[in-house]
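Working through the structure, step by step
Chain by chain, the residues run as shown.
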Amino acid sequence: MADHVFQKCINAQCAATFSVDETRTACPSCGNLLDVCYDWEKLPIPQNLSYFEKYWSERNIPQRFSGVWRFQEMLPFTDLEKCVTIGEGQTLLQNAPCVAKYVGMKPDKLFLQYEGMNPSGSFKDNGMVAAITHAKLMGATAAACASTGNTSASLALYCGYTRLMKAIIFIGSGKIAYGKLSQALDYGAKTIQIFGDFDDAMNRVREVSQKLGLYLVNSVNPFRLEGQKTIMYRILEALNWEVPDWIVVPGGNLGNSSAFGKAFFELKMLGLIKRIPRLAVINAHGANTLFQLYEKEGVRWNEGRPDRAKIQAFFEQMNRENRRASTLASAIEINRPVNLEKCLRALSWCDGVVREVDDQEIVDAKSQIGANGLGCEPASAASVAGAKKLREEGIISPAERVVCILTGHQLKDPVTTVAYHSADATKFQETLGCRGVYRADFANSPLPVENDLEKIIAAIQE
Ligand SMILES: *Cc1c(COP(=O)(O)O)cnc(C)c1O
Ligand SMILES: [Zn+2]
């Protein structure tokens, strides 16, 4: 297998290649990101996507039960029996008519992909299982990440469950949703809380991983993105192998959007799909680097030669102004997305668009998703808020088929949810330090009732 897979620098001017047996999170010659690449001609390629249905009857084999490894032919960086699994990827694509109405779509045209149903409650498990598999192949004894919460929850869970290696987690001192922090602590990860934000924690973890030889599992790890491709395969599977018109996803470090683009590019190249859906990446207004660069500055992938001087100048100005990311959607509170260039590539492959939504739009959309059942955390709701915006702009039309990715579970961040439904905007400002929410139009507030039978009955019948 190893002769058919290699790593390659995404920078067209460099394009250096490396063995799959090397642990790298950046190109040593130019510093850019790496891809996992395959010599597809030398590999057994499925004739069509319904090929994967044969595995539905093999769910007694752990790797075939996995929503990641049952598509192993599309990420064949090692043999199936070497793949770690804890049963990730048992997710659901739900047709959501109430949310469709809110977005302005026809009732049967809007779908929600519930990645919160993963073992650690976010899509991160799809990628983590691939990274942990590679880490194990490399003989790693400890893995590390910087995290706004869900990456660390996922790493902690995989290490706690499999006992394959130690988990070391860096979090910033800013916002971290308690659900996520509680997971890292409960699953026994060594948790280092440094004074600084996510971007600071990210810089440190790179440094420390190099020094101590820790296996880094942030989304700069190209194997993680291989696992995250499978979210798209499961959506196609749920749509009976039909390609939707739009995939809408929140953008933080831009690993997911990058992985989705690669998934579709490969499927198209292999003749397994006829067309590629359009991709919409949604930033929070308070962490809108991609929106600024792509939509305002016009930065494009440009065949592997994006305008790096312009990108550099943007970050230098951000430094000079000491601009820090700020949004209640803590999972996407990131100003320096590590996968920026890969995401530009995905946007070019998928004829993509980028939008920003503010915290008010995020919490309102979140309440609509919750009211439709299952729910999500704030960052996830950026996808629905973004779809609504694109619908209003006429970029998405009401009869197109749209899939919004719900990246994380409803219970990750109950504080925000309760603050919203208590219809108490001051709670957002005081408790959450967030000034972007003024209204709670869809609040479902608890009714205070005296402990009196008749008054209780009256309140129920109201
Ligand atoms: C990590 C995360 C994101 C951001 O994904 P990227 O791949 O970093 O863009 C969005 N939502 C949730 C819930 C997350 O955990
Ligand atoms: Zn390079």
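This is a predicted model, so every value here is computed, not measured.

**Let's talk about the packing of helix H3 (residues 124-137) against helix H4 (residues 150-162)**
- Running from amino to carboxyl end, H3 crosses H4 at an angle of 50°, the nearest separation of the two axes being 9 Å. Taken together, the axes of H3 and H4 are oblique relative to one another. Once H3 is placed against H4, the crossing between them reads as right-handed. Of the residues in H4, those in contact with Lys124, Asp125, Met128, Val129 and Ile132 of H3 are Asn150, Thr151, Ser154, Leu155, Tyr158 and Cys159.
- Counted by class, the contact of H3 with H4 contains 6 nonpolar, 3 polar and 2 charged residues.

**Considerations on the nonpolar core**
- Phe77 and Leu155 are the most contacted members of the largest nonpolar core, which totals 104 residues.
- If you tally residues by element for this core, the top one is H3, at 6 residues.
- Counting residues in each nonpolar core, the second largest holds 34 residues, with Met105, Tyr114, Ala284 and Ala331 among its members.

**Some remarks on the coordination of the zinc ion (ligand 2)**
- Listed as protein donors to the zinc ion (ligand 2) are Cys9 (SG), Cys14 (SG), Cys27 (SG) and Cys30 (SG); their distances from the metal cover 2.3 Å.
- Here the zinc ion (ligand 2) binds 4 donor atoms, and the angle range of 92 to 117° at the metal identifies the geometry as tetrahedral.
- Within one chain, the residues donating to the zinc ion (ligand 2) are spaced in sequence as C-x4-C-x12-C-x2-C. Here Cys9, found in strand E1 (residues 5-9), pairs with Cys27, found in the loop between strand E2 (17-19) and strand E3 (34-38); they are 18 residues apart in sequence, far enough to count as distant.

**Side note on the sheet that holds strand E13 (residues 402-406)**
- The 6 strands are arranged E4-E5-E13-E10-E11-E12 in an open sheet whose pairing can be described as mixed. In this open sheet, the two edge strands, each paired with only one partner strand, are strand E4 (92-95) and strand E12 (353-357). The sheet shows a mean angle of 25° between the axes of neighbouring strands, direction not considered.
- Of the strand pairs in this sheet, strand E10 (residues 246-250) and strand E11 (residues 278-284) are connected by 5 bridges, and their pairing is parallel. Note that in E11 the partner of Trp246 across the bridge is Arg278.
- Helix H13 (residues 359-371) rests against strand E5 (110-114), E11, E12 and E13 of the sheet, and its axis sits at about 95° to E12.

**Here's the deal with the sheet that holds strand E8 (residues 190-193)**
- Strand order in this open sheet of 4 strands is E8-E7-E6-E9, and the pairing throughout is parallel. The open sheet is flanked by E8 and strand E9 (215-216), the only strands paired with a single partner.
- By the bridge criterion, 4 bridges tie strand E7 (residues 166-171) to E8 in an arrangement that is parallel. Each residue of the ladder has a partner; that of Ile169, found in E8, is Thr191.
- Each of strand E6 (142-147) and E7 is contacted by H4, which is oriented at about 160° to E6, the strand it contacts most.

**What about the pattern of salt bridges?**
- Applying the stated criterion across every chain yields a total of 29 salt bridges.
- Across the pair Lys42 and Asp39 runs a salt bridge whose closest N-O atoms are separated by 3.5 Å.
- Put simply, Glu115 and Arg234 hold a salt bridge, and the shortest N to O gap is 2.9 Å. Note that Glu115 is positioned in the loop between E5 and H3 and Arg234 in helix H8 (residues 230-238), a separation of 119 residues in sequence.
- Taken together, the shared-partner salt bridges connect Glu226, Lys229, Lys262 and Glu266 into one network.

**Some details on H4**
- In a regular helix each residue adds 1.5 Å, so 13 residues correspond to 18 Å; H4 covers 18 Å between its end C-alpha atoms and thus fits that length.
- Within H4, 10 of the 13 residues are buried, leaving the element largely enclosed by the surrounding structure.
- All of the buried residues in H4 are Asn150, Thr151, Ser152, Ala153, Ser154, Leu155, Ala156, Leu157, Tyr158 and Cys159.
- The elements touched by buried residues of H4 are H3, E6, E7, helix H5 (178-186) and helix H7 (222-228).

**Thoughts on the pairing of E12**
- Buried residues dominate E12, accounting for 5 of its 5 residues.
- In E12, alternate side chains face the same way, and those of Val353, Arg355 and Val357 on one face and Val354 and Glu356 on the other are all buried.
- When E11 meets E12, the two strands line up parallel, connected through 5 bridges. Paired with Val281 across the strands is Val354, a residue of E12.

**Quick notes on unusual backbone geometry**
- A positive phi angle, close to 55°, is found at Glu303, a residue other than glycine.
- In the Ramachandran plot, Leu374 falls in the positive-phi region, its phi being about 75° despite a non-glycine side chain.
- In this structure, Leu374 sits in the loop between H13 and helix H14 (378-392).

**Looking at the environment of Leu406**
- Mapping Leu406 onto the fold places it in strand E13.
- By relative accessible area, which is 1% here, Leu406 ends up buried.
- Along the chain, Leu406 and Gln228 lie 178 residues apart, while their C-alpha atoms are 14 Å from each other.
- In this view, Leu406 contacts Leu112, Gln113, Tyr114, Glu115, Gly116, Ile369, Gly375, Cys376, Ser380 and Ser383; residues no more than four positions away in its chain are not counted.

The rules behind these values
- Residues numbered from 1 in each chain as written.
- Chains lettered and ligands numbered in written order.
- Predicted model: local features only at pLDDT ≥ 70, side-chain atom pairs only at ≥ 80, totals over all residues.
- Heavy atoms only, no water.
- Axes fitted to C-alpha atoms, helices over the stretch in contact; angles between N-to-C directions.
- Helix = DSSP H or I, 4+ residues; strand = E, 2+ residues; numbered from the N terminus.
- Parallel < 35°, antiparallel > 145°, perpendicular 65-115°, else oblique.
- Left-handed = near helix turned anticlockwise from the far one by under 90°.
- Contact = heavy atoms within 4.5 Å.
- Nonpolar A, V, L, I, M, F, W, Y, C, P; charged D, E, K, R; others polar.
- Core = buried A, V, L, I, M, F, W, Y, C linked by side-chain atoms within 4.5 Å.
- Buried < 20%, exposed > 50% of the residue type's maximum accessible area, 1.4 Å probe, protein only.
- Donors = N, O, S within 2.8 Å, 3.2 Å for Na, K, Ca; no water.
- Tetrahedral: all angles 85-135°; square planar, octahedral: opposite > 155°, others 65-115°.
- Pairing = 2+ DSSP bridges.
- Salt bridge = Lys/Arg side-chain N within 4 Å of Asp/Glu carboxyl O.
- Expected span 1.5 Å × (residues − 1).

Just geometry here; none of it tells us what the structure is for.
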